[in-house]
Amino acid sequence: MVIPLIILAVLSVIGGYVGIPHYSLIEHWLVPVVGEPAGEASSMMWLLMAASVAIGLAGIGLGYYMYVVKPEIPKSIFENFGVIYKVLFNKYYVDEIYDAIIVKPIKQLAMVCWKVIDVIIVDGTVLAFARVSRFTGEVSRLAQTGAIQVYGVFILLGLLATMGYLIYGIHH
Amino acid sequence: MEFITNHLVSLVVFTPAIFALILALLPGDGETGKKLLKTAAIIFSLVVFLLSCVLYQTFDSTATGFQFVERHEWISVFGISYYIGIDGISLLLILLTTFLTPIVLLGSWNAIEQKLKAYLCLLLFLETGMLGAFVALDIILFYGFWEAMLIPMYLLIGVWGGKERIYASTKFFLYTLVGSLLMLIAIFTLMSMHKAQLGAYSAALTDLYKVKVPFNGFNSPQTWMFLAFALAFAIKVPLFPLHTWLPDAHVQAPTAGSVILAGVLLKLGGYGFIRFAFPLFPQAMHLLAPVFMGLSAIAIVYGAWVAMVQPDIKKLVAYSSVSHMGFVILGLFSLNAIAVNGSIYQMLNHGISTGGLFLIVGMIYERRHTREISDFGGITRVMPIFAVIFMIVTLSSIALPGTNGFVGEFLILLGAFQTHKIITIVAATGVIFGAIYMLWMFQRVMFGPIQNNENKHLKDLSLREIVVMAPIIVAIFVMGIFPNLFLSKMDVSVKAFLSQMKI
Amino acid sequence: MEDQLIKPQNLNLSREQLAMLLPYLLVAVGAMVTLLAGVTRNANNKLAAAGVGFLTIVAALYSVTAVWGEPSITLFGGMLAADYSSGLFNALLLGATGLVLLSSYSYLEKEGIHYAEYYSLLLFSCLGMMLLASSLDLIVLFVSLEVMSIGVYVLVGFRRTDVKSNEAALKYFILGSAASAILLFGIALIYGATGTMNITELAVIAKTNPAVNPLMSLASVLVLAGFLFKVATVPFHMWMPDVYEGAPTSVTNFMTTGLKAAAFASFMRVFMNMGFGDNLTSTLNIGLHNVLWVIALLTMFFGNVIALTQRNIKRMLAYSSIAHTGYIVVGFISGGRSEYGYTSIVVYLIAYVIMNIGAFTIVALVGERGDRNTDVQDYAGLGFRHPLLGFGMAVFMFSMAGIPPTVGFAGKYLIFSSAVQAGETTLAILAVLCSAISAYYYLRVIVFMYMKDPIRDSRVAFTIPVTLVIFAATVATLSFGLFPSMLIHAAKKAASI
């Protein structure tokens, strides 16, 4: 886990640098599309940047002090505040909580999206058109019995319907 | 020389077809014959790429209107002409097409053994079809290319595809055909309106833009005609809920087919919206924009979710296409400069990164003959070069800053937010889910211990495969770091497009 | 009235009239000479008959082109038209007959039913078709229809020892005679109502007197039904699949192309002259419009959906042919109400003839003795085994499905765009949806040819004439698809009165 963390650390330094107003090389990266950034960097922005860097440095300092300079401190904390240590050690159980209330439900929902909505409803509708066409074909070919009398009846019916319509139908 | 400069676009479009005919005449028997065919096809497609680079170089990015215009009488009774030309938008899509074709030809060097000659010819014919659709300024000419290109793609999937290839290819063909046929009826309506209003038949796009299509709300000719066009293009994109042909087609297609399908064919849907559906029916477009934006937001999230639970890598990538192309539609329908630029950029990105992903899936499939995610694990240990390349493409697909994907999605979301906030927020969650399914897949395939013994002796990428992937990696970074190389080319065209869309 | 009576002095022909009449005379003489070849019990009489038959057609075609574009006249006191339309259809019908004749020779040899009379019947039928397409008098129309049909009745039953072929011939004969009787009854009623049988005179009466005459309505229905039977629209179509399947393939080829084109040409001439499609103001026109609307829709729909379920390729093409008839009827509906309404019919007919001749010639070629090997499965792997044959069949199938750049697309383009222009958008939408259904079964042929492995090894024996026919049809399908202007111009001229 150390190497990925190092990579991420380096990247985050670069990522932070990218956002510093006026000193960033890529400030004008998307200018033709987005336009020049509106407004000047205010003193508030600089203050916030300084504060966050300070907090970060303080954290690094504390970690260095606790684990490198005086490694007995974590041990005494563990002995004195067991529960809190455990919670902290497991990162407040954030991963587990996430897993239970977000990851699992979404995965289940996604399964429903795929198996029910996608395959049965959406694709099923598409295939239904194909099946209905085919089914109509299968049914209507039953009239095609090969018996010439049946054919004659159809011709007669067609003729009568047309005549009936043309002589009586259009006057009403 | 004069001839070449005057007919440059025609040359780019038809050279692949001519080369395909030459290829068909070459002898192709035996090992050496096959090698000759493959080499010839790659060289041919590189020639086409170089021609399109000349196009890029000589293209004037400050001029408005279409460039390299060529117009000849064709079917004069209906005002149909051979009328082609390009603007900044089509220029970039042409480049994408000619860029991907040599890559897929090289990529399928070992994959295709049977009926090689027909395969190579069809790919080149397909290239002509796609390029033709991007340059056509005559609506019937466009329709001709649009339909004709179905045939090679259909055969590519159907002949060289996987187990369910016949089902998938037929579905692809029929699905697309239904949409296009309804569009054809709308085209006829438009042309007869042109005849009624302006007194002559014309299929030229520049003439058809002048037609005033009656519009008064939902139930009016313009809305219906827009919907007919939108149906054809939305199927191609594909937009939820018209996407179900895509997973089947993608999974069954041979690698080259998938790459071209995802890389270029889907773009034709987006391009169709920009070039045809929007400017021809602007009021209907404004009326229906919220609906389409909503559908695209659904497509983004839905595609990502369904991708998340896919057991098959290729199907996962296919559904990711639904999600990514949703961004394109979202950006287009938000109709402001930033989002539209982003959409076009996203089309290019998706072509590069999803094309790359399909190539990667193809490479791993050639080694293991499976695409189930659960069959893999720990591949990084045996294939380090592959792992690096796969990682880069994955990161590009999830739009990490510095890669091409970021530029497109960022611009789209930035632009769309100005038009419709809630839909954009929903769509933005798609970015997160996109990262989840890609990284999760990557983790399961590449990291962890090797559980399957067959995976222990996989060979890393060969030189050929590295050469195949190298242009894609380069493109990912170049497009991510220097987007202005491309954005500047289409800026004027996008502005012209937007001014067309003002009611 | 006086000069309409057939008197000897009216039968005097001028030079122009004789030139116009020459194609018919040539075919009639050729048919009789060919018949003589059958009388000689010489072993080579078939070759002689085929040769004479083919030369007759070439000569007749030449005589058609010799008077191409001459000013229109009428022959026999206005009974027969000699105009651009008759010239175009004569060329089309002669061309179709010629190609069928070329492709028949080896087929008949293979089937063992080769008799010299075949060619004579073919030519007689062709004569009937040509007369039918140019007749301006209802009696001439009826007689030529019979000349055409009787020849085909015999040809359908040409495989004498085969039960299916006999059944087909008998069915066709019985139903065809019934339809002829209906047509004749209609003609009689028209005569009763108007006192004339000349179409141009009838047209004048119909246009000057648009009030509905019940007798005229009834007569129109009967004549309409007679035509609709010959072109096979729903519900008058049911004889057709059985006949197409039972007839020797070369005869099916002849029926599906020549016979249908001639019947449609005549139908169009009557319909157009009477001004039925010109407007929707008279009650009769509205009524006919509505009837044809329903018939067109039913024909397209049922033709296509039943074709979906067929496995025998001859039967499938028969149903597909019914569906194509439906598209052509759409052309009648848009008719005079759009600029290219009637033109679209002519273009579609030409397209239809070209692609069907190609497809049926291939079916005849691939089929084995006794018309076996005509299932779709039998086409498995054909595309790669015989690349050019496969390519041709694929082109025909895509053309029938209406995919550009083929002549089938050009035909559909005209039909559907005219329908839209005539305000029949709903029908056009339904028609394209039917056409989308049809793509499935055309694709299935492609699927078998290119995407499946052959189930058994069967070789196709090519002969030069058959190869020529397939080649010509393929080239025509593609070149008229890419450059249809000439076709449209000619059709436009033929479709104007």
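Residues numbered from 1 in each chain as written. Chains lettered and ligands numbered in written order. Predicted model: local features only at pLDDT ≥ 70, side-chain atom pairs only at ≥ 80, totals over all residues.

Peer 1: I'd like a description of the overall build of chain B, backed by residues and values.
Peer 2: If you tally the helices and strands in chain B, you get 21 helices and two strands. Taking 503 residues into account, the globule formula puts the C-alpha radius of gyration at 23 Å, and chain B, at 22 Å, falls close to it. Principal axes of the C-alpha set define a box for chain B whose edges measure 75 × 55 × 40 Å. Sorting the 503 residues of chain B into buried and exposed places 62% on the buried side. (Helix = DSSP H or I, 4+ residues; strand = E, 2+ residues; numbered from the N terminus. Rg over C-alpha atoms; globule rule 2.2 N^0.38 Å. Buried ≥ 20, exposed ≤ 12 C-beta atoms within 10 Å, placed from the backbone.)

Peer 1: Which residues make up the interface of chain B and chain A, and what are the values?
Peer 2: Every contact between the two is made by 18 residues of chain B and, on the other side, 14 residues of chain A. When residues of the side of chain B that touches chain A are traced back to their parent elements, those giving at least two are helix H13 (282-308), helix H15 (337-368), helix H18 (404-419) and helix H21 (484-500) of chain B. Looking at side-chain class alone, the side of chain B that touches chain A contains 13 nonpolar, four polar and one charged residues. (Contact = placed C-beta atoms within 7 Å. Nonpolar A, V, L, I, M, F, W, Y, C, P; charged D, E, K, R; others polar.)

Peer 1: Give a detailed account of unusual backbone geometry, specifying residues and quantitative values.
Peer 2: Residue B:Pro241 is reached from B:Phe240 by a cis peptide bond, and omega for that bond is 0 degrees. Summarising the element assignment, B:Pro241 is placed in the loop between helix H10 (221-236) and helix H11 (245-252).

Peer 1: Talk me through the environment of A:Asp99; I want residue IDs and the actual numbers.
Peer 2: Residue and element names in this part refer to chain A. Inspection of the secondary structure assignment puts Asp99 in helix H6 (residues 94-140). Residue class for Asp99 comes out exposed when judged on the 12 C-beta atoms lying within 10 Å of it. Once the C-alpha coordinates of Asp99 and Tyr64 are considered, the two residues, 35 residues apart in sequence, prove to be 31 Å apart.

Peer 1: Describe the interface of chain B and chain C, with residues and values.
Peer 2: The partner chain C presents 24 residues to the 26 residues of chain B that form the contact. The leading source of residues in the side of chain B that touches chain C is helix H8 (residues 165-198) of chain B, at 15 residues. Considered class by class, the residues forming the side of chain B that touches chain C number 17 nonpolar, six polar and three charged.

Peer 1: Can you tell me about helix H15 (residues 387-401) of chain C, naming the residues and giving the values?
Peer 2: Residues and elements named next belong to chain C. Compared with an ideal rise of 1.5 Å per residue, which puts 15 residues at 21 Å, H15 spans 21 Å between its outermost C-alpha atoms and is within 8% of the ideal. Here H15 lies mainly inside the structure; 12 of its 15 residues are buried. When we look at burial in H15, the residues that qualify are Leu389, Gly390, Gly392, Met393, Ala394, Val395, Phe396, Met397, Phe398, Ser399, Met400 and Ala401. Gly402 lies just past H15 and shows a positive phi near 80 degrees. (Expected span 1.5 Å × (residues − 1).)

Peer 1: If you had to explain the packing of H15(C) against helix H17 (residues 425-451) of chain C to someone new, which residues and values would you point to?
Peer 2: For any two helices packed against each other, one specifies the crossing angle of their axes together with the interaxial distance. Residue and element names in this part refer to chain C. With their axes 9 Å apart at the nearest point, H15 and H17 run at an angle of 170 degrees to one another. Classified by the angle between their axes, H15 and H17 sit roughly antiparallel to one another. In this structure, H15 contributes Gly390, Met393, Ala394, Met397, Met400 and Ala401 to the contact, and H17 contributes Ser438, Ala439, Tyr442, Val445, Ile446, Met449 and Tyr450. Split into classes, the residues belonging to the contact of H15 with H17 amount to 11 nonpolar, two polar and no charged. (Axes fitted to C-alpha atoms, helices over the stretch in contact; angles between N-to-C directions. Parallel < 35°, antiparallel > 145°, perpendicular 65-115°, else oblique.)

Peer 1: Just give me the short version of the packing of helix H2 (residues 8-25) of chain B against helix H5 (residues 116-135) of chain B, but keep the residues and values in it.
Peer 2: Residue and element names in this part refer to chain B. Running from N to C, H2 and H5 point in directions that differ by 165 degrees, and their axes come no closer than 8 Å. The pairing of H2 with H5 is recorded here as roughly antiparallel in orientation. Handedness of the H2/H5 crossing: left-handed. Between H2 and H5, the residues in contact are Val9, Val12, Val13, Phe14, Pro16, Ala17, Phe19, Ala20, Leu23 and Ala24 and Lys117, Leu120, Cys121, Leu124, Phe125, Glu127, Thr128, Leu131, Gly132 and Val135, respectively. Counted by class, the contact of H2 with H5 contains 16 nonpolar, two polar and two charged residues. (Left-handed = near helix turned anticlockwise from the far one by under 90°.)

Peer 1: Account for helix H7 (residues 199-208) of chain C, naming residues and giving values.
Peer 2: Three or more residues of H7(C) are buried, namely C:Ile199, C:Leu202 and C:Ala206. One side of H7(C) carries all its buried residues, which in axial view fall inside an arc of 55 degrees. (Arc of directions from axis to C-beta.)

Peer 1: Please provide a residue-by-residue account of the nonpolar core, values included.
Peer 2: Grouped burial of nonpolar side chains is what soluble globular proteins tend to show. Of all hydrophobic cores here, the largest spans 420 residues; its most connected members are B:Phe229, B:Ala277, C:Leu93, C:Val156 and C:Phe416. Look past the residues within four positions of C:Leu93 in its chain and what remains in contact with it is C:Cys126, C:Met129, C:Met130, C:Ala133, C:Gly258, C:Ala261 and C:Ala262. (Core = buried A, V, L, I, M, F, W, Y, C linked by C-beta atoms within 7 Å.)

Peer 1: Any chance you could break down the environment of C:Ser479 for me, citing the residues and the numbers?
Peer 2: All names here are of chain C. Of note, Ser479 is situated in helix H18 (residues 464-482). Residue Ser479 is classed as partly exposed on the basis of its 15 C-beta neighbours within 10 Å. Along the primary structure Ser479 and Phe302 are separated by 177 residues, whereas in three dimensions their C-alpha atoms are 31 Å apart.

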